[in-house]
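# An overview of the molecular structure
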Amino acid sequence: MRSFDYVRAGDTAQAVREAGSEETRFIAGGTNLLDLMKLEVMAPGKLVDITRLDLGGIEETADGGLRIGALVTNSDLAADARVRRGWPVLSRALLAGASGQLRNKATTGGNLLQRTRCYYFYDRGEPCNKREPGSGCAAKDGVNRILAILGTSEHCIATHPSDMAVAMRALDARVEIEGAEGRREVALGEFYRLPGDTPQIETVLKPDDLITAVLLPAPAGGRQIYRKVRDRSSYAFALVSVAAVIEVEDGVISKAQLAFGGLGPMPWRDADVEAALVGAAPSAALFDRAADILLAEAKGYGGNDFKIPLTRRTLAAVLTQATEASA
Amino acid sequence: MTLETIRHLKHDTPDHDRRLDGMAQGVLGTDMDRPEGPLKVSGRATYAAETAPEGMAHGYLVRAATIGRITGSNAEAVQAMPGVLHVLEDERMIRNAAQGMAGKSPVQKQGQAWYVGQPVACVVAESFEQARHAAQAMMVTIEPDGTHAFDAESREAQVETPEKKQLVQGDFDGAMSGAAFSIDNDYRTSSMSSAAMEPHASIAQWDEDGAVTLRGSYQLLRFNKNELADVLGVAPEKVRILSPYVGGGFGSKLGLAPEAVAAALSAQVLGRPVRVVLHRRQVFETVTRRSETKQRIRLACDAQGKLTAIGHENLVSQLPEEVFSEPVAQGTHFQYAAPNRLVGHHIARIRRPAAGSVRAPGEAVGVTAFEIAVDELAKAAGIDPLEFRLRNVPEKHPENGKPFSSSTMEATLREGAKRFGWEHTAPRQRREGEWWIGTGMAGCVRVNMMIEAHARVVLTGQGVRVECDMTDIGTGSYAILTQVAAEMLGFAPSQVETVLGDTDLPPASGSGGSFGAASTSTAVYLACMELRERLAAKIGVKETELTLKDGHAIHDNRQTKLSELLGEEEWRALGHLEPGKAGQDVRQATWGAVFAEVAVSDVTGETRVRRMEGTFACGRILNLKTARSQCHGGMIWGLGLALTEALEHDPRDGHMVNRDLAEYHLPVNLDVPQLGVHFLEERDDWANPLQAKGIGELAICGSGSAVINAIENACGVRVRQLPATLDRVMEGLAAHD
């Protein structure tokens, strides 16, 4: 770990003021950043501690949605009765992630910003364009079983590891950001960036932008499912995960909101998949067509080729479960 | 009076006296709690890194990022960094941990980076953080020294076929071609890590007389002492190693590891104590791993399911200059009878981090693959896999005709089946929602070993002290040695103090190969027998007429307090066990049977183990709780071997890619179902005078195959490459769709 300056921000304005350079990072739970700093994969010159800011709490909004403070822990968010009632897919996704200890510490804002779990990103002995732009991507021809099949570029095939963000993406969440020019909101769908030739840039945040909250619209209703497929029953990142909000009316799918984890550099959502489902009667053929659309551009890198059939199978199972007539 | 007498046993013949059965204290074999348990759960047991001698500096190892000849470094620049005291680039640094029981230096640096991840320097600084940062800034220049192979199965790999490790008996090919049923398959197991909870750590401190004390985390102290002395070029008397508590070993702490050498060399240069703790990522790379294996197994049987041919040809990997190679077929030599036999052993010299002993070297992977193959042959022959095994129980060692010291294979199979409620149908018969349900079983077998051990027992009127350099690696040494002494000398366990983990004490067996409990307990037993005879002589009775209980000597309907008999005296005895012909004239082994029920998702190929039942016969049980814990652990290792654990090596340079506990997937609590463990208590007189045998490794030798066989029974998918991760199962499921 390199030496760094440490500032404890007293209020949001001060936090934003103290930031502003690429060298600065906000720190809250630190569940990912501290590990990366010890390995010197990240070496910020300055940390702005935001844990004393008034960014906790979950409030109901005028439109029937929720405003989740950036410092709400994953545990508290998952256990919130309103979340469990109105946005159960989010609660389930949270509980599918990490471990109890980590969820007690990890925050909502920080979870959105966790870095990839690509082996080569963590290894300073290996080239990685995300860690060291221009050095190359060791993962493409290396061990890539856990890496992305959608949205990749020749420069990076990393996945985004969050479960929470996948559910939020399916729920049309928005991110509230405080920056030098004041407050703004960005839809989660526009929050992340594809790697292209700048995989080190992962979001639209500027250095002095601070996530202050995540906004959920009013409950989406429908059946909500979070299915996470992984290498062991707990404490493993998703090979594939599906967050689904599905409603069936009169034998026809009336609502389909689907987001996927483990497939791409961001929680993945494909409007064409949802468009193909809405208005159609559930059937195996329909679900297969949805998978065709989702995976049309999918590209495996050898070790992760299996994610393509695995996604197809998992999506079909989730859609079947979501559209089955209630017993 | 401190007269110390010695009782020596060269174990050449079976001991039919079974003296333990005549003891009266009633503590042996119970589920007594570990005496050191409260210290451990309250954080007061001091593990290797948990002391801080005055003036201690901190070292951090620097790893080679490529392979080749070391030609230079930026040591001068690193030396100038804040807090840095010394940059150690000594040629005596070791390349990787020593192999178990080496007793001499492992391969040293020799100016080479042999594999990616090798420690090539150690940076010592005032604080741990300074040392770590400076070590990460250190660059070692490495000139490539040609091309190397990184995969045992690659064409470039140099393969050795040591003559002594090949075997042909009978007409193997003829038996295969003329068989009623046969199978011929390749099975693969993955490179694996011990992943003990406590990372390796050492604190070294030299005194004015040129003697070094090392606080470390090791399994075999009397060997480790000689290893460190050899590395440093000092006499063994100048080395003391302290390992009172060891947070898990599983083979990874059998041999001296790089952090100990770096600490000792740095401390010598600086003239102050130095602590070196391996980062978890360094534990993976520098401590020996279990080799991946490719196992071609060919089996043939007649129409009645009697095995006629057994072929087991293995390919393992190892770094150049290491003498160990995974003894895959160790159990194959005697587990099943068949007249025609073929064993092949091949070692590919490749540049992956060094391989070595990991819990149950040999049988863990060998029996596991073999028991999958047996399941396949039983299926081919249309015979229930339990029944198939029962038809092939060997009466004597099938290769050399020696008798078994005890044969419990059939009994464990039958008892295990009863406890599990064995019912077996054709595959793909039971379904719950998307989940296929199936059952599988396997036999377990592990050679039983014993090695030389000494232990001192000190008797006073108030209690007993046991002293030796034995280690407790979480297995329960403190408990069982306390129990043996308490039982033999008639004291409550609370009146017995057991002091371990110090090479200044008599050299015990150490912990490894499941030989620790039996070997060192025997040394304690011998010392206790010596004391019992001295007591009997003093009283004037025969030892066999003497009952010791609750601090009293009881004989001829009379009861005398030991405190009255001994007064202020302290009686000392040294027990010395030496293995003898009893280990050679018969085949000693432990046996077991494991049954499993699994659910396999027809969608994803995920496997969930629903229950596992293990029945084991491993001699006299000294402590029911620690014995059961060993079997729980072994069965969970079996789960990991079968389903989750694999070290991934980069195809381009062999480095370990997933070298942390997030990505090297040990089973977590949720992966582990209800585990049943049952012991068939036996008295194997060939084993030793206690009739105690190894337990720790048995349960991993085959239990994974019960899971793999159950997967096949559930969903019809036969996985021959372990672990059976969901993608491997899914591929088979897709073929059924």
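Values in this document were obtained by computation on a predicted structure and should not be read as measured data.

Looking now at the overall build of chain B. When you go through chain B residue by residue, the secondary structure sums to 17 helices and 29 strands. Expected size for 737 residues packed as a compact globule is a radius of gyration near 27 Å; at 27 Å, chain B falls within 12% of this value. Principal axes of the C-alpha set define a box for chain B whose edges measure 80 × 80 × 50 Å. Of all 737 residues assigned to chain B, the portion counted as buried reaches 64%. Summarising the internal contacts of chain B: among those between residues at least 6 apart in sequence, 82% fall at separations of at least 24.

Attention now goes to the domain arrangement of chain A. When cut into domains, chain A gives domain 1 (5-49) and domain 2 (223-323). Taken over C-alpha atoms, the centre of domain 1 of chain A sits 36 Å from the centre of domain 2 of chain A.

With that settled, consider the sheet that holds strand S14 (residues 274-277) of chain B. All names here are of chain B. Taken in spatial order, the seven strands of this open sheet run S4-S6-S2-S14-S11-S12-S13, and their pairing is mixed. Bordering the open sheet on either side are strand S4 (84-88) and strand S13 (239-242), each of which pairs with just one other strand. For this sheet, the mean inter-axis angle between neighbouring strands, taken without regard to orientation, is 20 degrees. As paired strands, strand S2 (residues 57-63) and S14 are joined by three bridges and run parallel to one another. Within S14, the position partnered with His58 by the bridge is Arg275. The strands touched by helix H3 (residues 128-137) are S2, S4 and strand S6 (119-125); relative to S2, the strand with the most contacts, the crossing angle is about 20 degrees. Running over the sheet, helix H5 (residues 221-232) touches strand S11 (201-206), strand S12 (212-215) and S13 and is turned about 135 degrees from S13.

We now examine the pattern of salt bridges. Where charged atoms of side chains with opposite charge meet at close range, the side chains can pair. All names here are of chain B. By the definition in use, this model includes 80 salt bridges over all chains. A salt bridge links Arg281 to Asp660, with the shortest nitrogen-to-oxygen separation between them at 3.5 Å. On the criterion of sequence distance, the pair formed by Arg281 in helix H7 (residues 280-286) and Asp660 in the loop between helix H15 (624-644) and strand S29 (674-679) is long-range, its members being 379 residues apart. Of the two residues examined, Arg281 and Asp660, each falls in the buried class. Between Arg446 and Glu363 there is a salt bridge, with the nearest N and O atoms lying 2.6 Å from each other. You can see Arg446 sitting in strand S19 (residues 435-447) and its partner Glu363 sitting in helix H9 (residues 363-381), a full 83 residues away along the chain. With respect to class, Arg446 is no different from Glu363; both count as buried. By sharing partners, the salt bridges in this structure join Glu4, Arg456, Arg465, Glu467, Glu570 and Arg572 into a single network.

Attention now goes to the nonpolar core. As a rule of thumb, nonpolar side chains are buried together in soluble globular proteins. If you look at the biggest cluster of nonpolar residues, it comprises 107 residues, and the most contacted ones within it are Leu77(A), Leu90(A), Leu112(A), Met168(A), Phe191(A), Leu258(A) and Leu277(A). Residues in contact with Leu90(A), not counting those within four places in the same chain, are Ile68(A), Leu77(A), Val83(A), Met164(A), Ala167(A), Met168(A), Leu171(A) and Leu216(A).

What follows covers the interface of chain B and chain A. Counting from both sides, the interface comprises 41 residues of chain B and, opposite them, 37 residues of chain A. Seen at the junction of chain B and chain A, the total is six salt bridges. Measuring nitrogen to oxygen at the nearest pair gives 3.8 Å for the salt bridge that ties Arg63(B) to Asp123(A). Inspection of the region where chain B meets chain A yields 16 residue pairs in polar contact (both at pLDDT 80 or more). If one sorts the elements of the side of chain B that touches chain A by residue count, helix H17 (residues 726-736) of chain B sits on top with five residues. In the side of chain B that touches chain A, the residues fall into 14 nonpolar, 11 polar and 16 charged.

Attention now goes to the domain arrangement of chain B. All names here are of chain B. Domain annotation of chain B identifies domain 1 (4-30 + 451-581) and domain 2 (362-448 + 588-736). Here domain 1 and domain 2 have C-alpha centroids that lie 36 Å from each other. Residue-level contacts link 25 residues of domain 1 with 23 residues of domain 2. Across the interface of domain 1 and domain 2, roughly 2000 Å² is buried in total on both sides, 56% from carbon and sulfur atoms. Applying the counting criterion to the domain 1 and domain 2 interface returns three salt bridges.

Attention now moves to the side chain of Glu198(B). All names here are of chain B. Positionally, Glu198 belongs in the loop between strand S10 (181-189) and S11. Classification of Glu198 as buried rests on a relative accessible area of 12%. A polar side-chain atom of Glu198 sits 3.4 Å from the main-chain amide nitrogen of Ala48. Within the local environment of Glu198, its side chain forms a polar contact with the backbone nitrogen of Gly247, the two atoms lying 2.7 Å apart. Other than its neighbours up to four places away in sequence, Glu198 contacts Tyr47, Ala48, Ser217, Tyr245, Val246, Gly247 and Lys253.

A word on the UniProt feature "domain: Aldehyde oxidase/xanthine dehydrogenase a/b hammerhead" (unreviewed entry) in chain B. When the UniProt feature table is mapped to this numbering, "domain: Aldehyde oxidase/xanthine dehydrogenase a/b hammerhead" (unreviewed entry) covers residues 42-146 of chain B. With 14% helix and 30% strand, residues 42-146 of chain B has its two end C-alpha atoms placed 53 Å apart.

Residues and elements named next belong to chain B. In contact at an axis separation of 11 Å, H5 and helix H6 (residues 258-270) are set at 50 degrees when each is read in the N-to-C sense. Put simply, H5 runs oblique to H6. With respect to the hand of their crossing, H5 and H6 are arranged in right-handed fashion. Where H5 abuts H6, its residues Leu228, Val231 and Leu232 lie against Val261, Ala264 and Leu265. Looking at the contact of H5 with H6, its residues break down into six nonpolar, no polar and no charged.

In this section: the confidence of the model for chain B. Averaged over every residue, the pLDDT of chain B is 97; the share at 70 or more is 100%. Interface confidence in the predicted complex, given as ipTM, is 0.97; pTM for the same model is 0.98.

Residue and element names in this part refer to chain B. Looking at where Thr520 falls in the secondary structure, it is placed in helix H13 (residues 516-539). Classification of Thr520 by relative accessible area gives buried; the value is 0%. Contact partners of Thr520, with chain neighbours within four places excluded, come to Ala453, Cys468, Met470, Leu481, Ala508, Ser509 and Gly510.

What counts, and at which threshold
Residues numbered from 1 in each chain as written. Chains lettered and ligands numbered in written order. Predicted model: local features only at pLDDT ≥ 70, side-chain atom pairs only at ≥ 80, totals over all residues. Heavy atoms only, no water. Helix = DSSP H or I, 4+ residues; strand = E, 2+ residues; numbered from the N terminus. Rg over C-alpha atoms; globule rule 2.2 N^0.38 Å. Buried < 20%, exposed > 50% of the residue type's maximum accessible area, 1.4 Å probe, protein only. Contact = heavy atoms within 4.5 Å. Domains from an automatic or database assignment. Pairing = 2+ DSSP bridges. Axes fitted to C-alpha atoms, helices over the stretch in contact; angles between N-to-C directions. Salt bridge = Lys/Arg side-chain N within 4 Å of Asp/Glu carboxyl O. Core = buried A, V, L, I, M, F, W, Y, C linked by side-chain atoms within 4.5 Å. Polar contact = N/O pair within 3.5 Å; in protein donor to acceptor, adjacent residues only side chain to side chain. Nonpolar A, V, L, I, M, F, W, Y, C, P; charged D, E, K, R; others polar. Buried area = accessible area lost by both parts, 1.4 Å probe. UniProt positions renumbered as here; feature names shortened; annotations may be inferred. Parallel < 35°, antiparallel > 145°, perpendicular 65-115°, else oblique. Left-handed = near helix turned anticlockwise from the far one by under 90°. pLDDT = per-residue confidence, 0-100.

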